[in-house]
Amino acid sequence: MISFLFFLGFLVFYGLIAIYAERKISAFIQDRYGPMEVGYKGLLQTFADILKLLQKEHIFTFAADKPLFAIAPTIIFVAMFAAFAVIPLSVNITGSAVATGVYYALAIVSLDILGILMAGWGSNNKYAIIGAYRSVAQIVSYEIPLGLAVLGVIMMSGTLDLQEISLQQSIFYEGATKNAESYLFGLKFLGINVGKYGGILSWNIFRMPPLIIGFVIFFITSLAESNRAPFDLPEAESELIAGFHTEYSGFRFAVIMLAEYGVMLLTSFLAVVLFLGSWSTPLPNIGALKLADWTSGTPGSISADLWGIFWLCLKAMTLVLVQIWIRWTFPRLRVDQLMNLGWKYLTPAALIIIFIVGLWKLALL
Amino acid sequence: MKRKGANNTYFGNITEAFDTLISGLKTTWKHIPLARKKRSAKNVDSDKYFEKQEGLFTVQYPRFEMPVPEKGRYQLHNEIEDCIVCDKCAKVCPVDCIDIEPVKATEEIGKTSDGTPKRIHAAKFDIDMAKCCFCGLCTTVCPTECLTMSQDYDYSTFDITDHNFPFSKMTEKEISDARADLEKAMEEKAAKARKKAENRATSESSEKSSEAAKPKAAKPKFKPRPMKKKIDSDTDDNKKDDN
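Residues numbered from 1 in each chain as written. Chains lettered and ligands numbered in written order. Predicted model: local features only at pLDDT ≥ 70, side-chain atom pairs only at ≥ 80, totals over all residues. Heavy atoms only, no water.

In the annotation of an unreviewed UniProt entry, the entry for chain B reads 4Fe-4S ferredoxin, and the organism field reads Mangrovivirga cuniculi.

As annotated in an unreviewed UniProt entry, chain A is NADH-quinone oxidoreductase subunit H from Mangrovivirga cuniculi. Listed in UniProt under the heading Sequence similarities (unreviewed entry), the comment for chain A reads: "Belongs to the complex I subunit 1 family." (UniProt positions renumbered as here; feature names shortened; annotations may be inferred.)

It is worth spelling out a positive patch on the surface at this point. Residue and element names in this part refer to chain B. A cluster of basic side chains, namely K192, K195, K196 and R200, defines a positive patch on the protein surface. Relative to the assigned elements, K195 resides in helix α4 (residues 172-200). With a relative accessible area of 58%, K195 lands in the exposed category. (Patch = residues over 30% accessible without salt bridge, like charges linked within 9 Å, V, L, I, M, F, W, Y side chains within 5 Å. Areas by Shrake-Rupley, 256 points an atom, 1.4 Å probe, with all protein chains shown as cover. Salt bridge = Lys/Arg side-chain N within 4 Å of Asp/Glu carboxyl O. Lys, Arg positive; Asp, Glu negative; His and termini not counted. Charge placed at Lys NZ, Arg CZ, Asp CG, Glu CD. Helix = DSSP H or I, 4+ residues; strand = E, 2+ residues; numbered from the N terminus. Buried < 20%, exposed > 50% of the residue type's maximum accessible area, 1.4 Å probe, protein only.)

What the domain assignment reports for chain B is domain 1 (20-67) and domain 2 (75-172). On a C-alpha basis, the centres of domain 1 of chain B and domain 2 of chain B stand 40 Å from each other. (Domains from an automatic or database assignment.)

Let's shift gears to unusual backbone geometry. The bulk of non-glycine residues show a negative phi, and the bulk of peptide bonds are trans. Residues and elements named next belong to chain A. Positive phi outside glycine occurs at N124, with the angle close to 55°. Within the secondary structure, N124 is located in the loop between α5 (112-123) and α6 (126-157). For N124, a relative accessible area of 51% corresponds to the exposed category.

This next bit is on the environment of V98 of chain A. Examined against the element boundaries, V98 of chain A turns out to sit in the loop between α3 (66-82) and α4 (101-110). Each C-alpha atom of the pair V98 of chain A and D161 of chain A lies 6.4 Å from the other, and the pair is 63 residues apart in sequence.

The next subject is the confidence of the model for chain A. Low pLDDT marks stretches whose predicted atomic positions should not be read closely. Within chain A, residue pLDDT values average 84, and 99% of them lie at 70 or more. For chain A, helix α12 (residues 291-294) of chain A is the element with the lowest average pLDDT, namely 72, and helix α9 (residues 211-225) of chain A is the one with the highest, namely 89. (pLDDT = per-residue confidence, 0-100.)

Residue and element names in this part refer to chain B. Read across the sheet, three strands follow the order β2-β5-β7 without closing on themselves; strand pairing throughout is antiparallel. Taken across any chain shown, the strands that pair with only one partner, and hence form the sheet edges, are β2 (98-104) and β7 (164-166). Averaged over all neighbouring strand pairs, the angle between strand axes comes to 15°, with direction disregarded. Looking at chain direction, β2 and strand β5 (residues 120-128) are connected through seven bridges and run antiparallel. Its bridge partner being in β5, I98 is matched across the sheet by I127. The strands touched by α4 are β2 and β5; relative to β2, the strand with the most contacts, the crossing angle is about 50°. (Pairing = 2+ DSSP bridges. Axes fitted to C-alpha atoms, helices over the stretch in contact; angles between N-to-C directions. Contact = heavy atoms within 4.5 Å.)

Looking now at the packing of aromatic side chains. All names here are of chain A. Under the definition given, this model contains 25 aromatic pairs over all chains. With 5.0 Å between their ring centres and 40° between their planes, F7 and F84 make a pair best called tilted. Here F7, found in helix α1 (residues 2-29), pairs with F84, found in the loop between α3 and α4; they are 77 residues apart in sequence, far enough to count as distant. Take F7 and F84: they sit in the same class, and that class is buried. (Phe/Tyr/Trp six-rings, centres within 6.5 Å; stacked < 30°, edge-to-face > 60°.)

On to the UniProt feature "transmembrane region" (unreviewed entry) in chain A, then. Residues and elements named next belong to chain A. Feature annotation in UniProt assigns "transmembrane region" (unreviewed entry) to the following positions: residues 68-89, 101-122, 142-162, 205-224, 253-276, 306-326 and 346-364. Helix makes up 68% of residues 68-89 and strand makes up 0%, while its end C-alpha atoms are separated by 35 Å. Secondary structure content for residues 306-326 is 100% helix and 0% strand, while the C-alpha to C-alpha distance between its ends is 30 Å.

Quick look at the interface of chain B and chain A now. How big an interface is tends to be reported as the loss of accessible area on association of its parts. Tallying the contact residues gives 20 residues for chain B and 17 residues for chain A. Summed over both partners, the interface of chain B with chain A comes to about 1,800 Å²; 66% of that surface belongs to carbon and sulfur atoms. Across the chain B-chain A interface, the total number found is one salt bridge. A salt bridge links R63 of chain B to E37 of chain A, with the shortest nitrogen-to-oxygen separation between them at 2.7 Å. At the surface where chain B touches chain A, the tally comes to eight residue pairs in polar contact (both at pLDDT 80 or more). (Buried area = accessible area lost by both parts, 1.4 Å probe. Polar contact = N/O pair within 3.5 Å; in protein donor to acceptor, adjacent residues only side chain to side chain.)

What follows covers the nonpolar core. Grouped together as the largest cluster of nonpolar side chains are 98 residues, with contacts concentrated most on F84 and F269 of chain A. When residues in this core are grouped by element, the largest group, 15 residues, is from helix α11 (residues 250-275) of chain A. Filtering out sequence-adjacent residues up to four positions away, F84 of chain A remains in contact with F7, L11, G262, L265, L266 and F269 of chain A. Core analysis: the second largest hydrophobic core is formed by 24 residues, C89, M129, C138 and C146 of chain B among them. (Core = buried A, V, L, I, M, F, W, Y, C linked by side-chain atoms within 4.5 Å.)

What follows is the structure in structure tokens.
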């Protein structure tokens, strides 16, 4: 329940600041000012925009498939928001403690595409339907390397429970039921157990170095998952106006927009939980400097919750920042280039990573 | 970095992709810290105009305006006190955006700032900036240099008729007074002429009086006499134009 309330509030707050950040960063990259009028340095601009959108009329085009058109934003938002249920916030707050958390998250995020297709089809607009088709074609190419990249983590940690994966990467590793011990760079023969050092060394990408490439693959495909540039084919504004949400207005548009930014946040959260140590601190214990202990709080108390939420959100926000940065740097891929990337490069690479992780685990751990 | 596309193999493509992607990210990242710097208000005339190549390039327009060149072609302005209503600008205008209605004065009505006597009232001096093609010809022909292009370029309006800028400062009453004076003078002149004609021959008098009323209709054909006194070299050019 705490998890639900936190994510609901955080998502709205995040939506406001992420859109502001996106506009400001894009402006700075392009040597512009960005929003400057509403509030100090335009801080309230997004708030004003949302307020405006809420007052706007819901326009239904004459030929729209009204039930589909009306319900599509809800499906997009619900599919995205439901996945937040399994994200653990701290050592105490596990969210929904599903044993198959990773599987559930990936499955329910894929439902998102159903909403996009409904929106595109229901609009009865050529740009919207082309956007929706592209989205559906795209999902086939990127969900496979996405799943395979996650599979490497699951092989490493031996569980689908996101809280379990988080515990393994933290200094509270005793709480984990299996694979709790982590060795320096995944090399057991060195005999250095980094569990008690905690920090960055016990993150999955350092417990199992091949997962660094796995993380890159996950990050690239998560950009496609959230329909972000350079994979924003479904809404390619220069070609398709706004893609699948061309015909939307008012509150429904706001919901789609929020869901889009929500997926960015969700994939960042998942990347953090799976690869970057979840809610655990990046600072290790070094001798007398118990940095990890100081920045983790004590389990069962509120301090652990605050530190956990702080680190989780900080890491996720950094990834969102990188996503924004990437969006304003790279041009959009063509459909065939996306397929090429997904099938010829990412999928084989992800398979090789799984293979290496398997061998590594058998031979070195 | 090596030549792009030189290593067109599977792994060559991957390396090249990473190289180019990272250099792209570096390029954009460099601009973010530079956003603290602002564009300076240097005029385009300044030698250092092109020196500043980094930092925010746009300006927050209504609050901050970039200085424009002094001799740029922006909005036309007529200093009506200095205008002798010679009608040259209206004649030279390729798009006929200047609309002048002169009313001849009976005597000299004042002097411009350069000492040229004014003999014509400007009952109407309208410049329609919506029609203007910003060629600047009117400013070059203006003998008293009262018609200039100002540095004001932001005069967009919601109604296109607001782009018509009236420069005449005469009120309706002043205009009608001037007309009445002119009429009176004309009549007196005509009467004088009639008297002269009567003295010469009574048969031609009726024709003469009708001719005397004519100059009123042919007003724009006024020749700018004051200039001839002032600038000699210009006079020759203008003469050529008039012919």
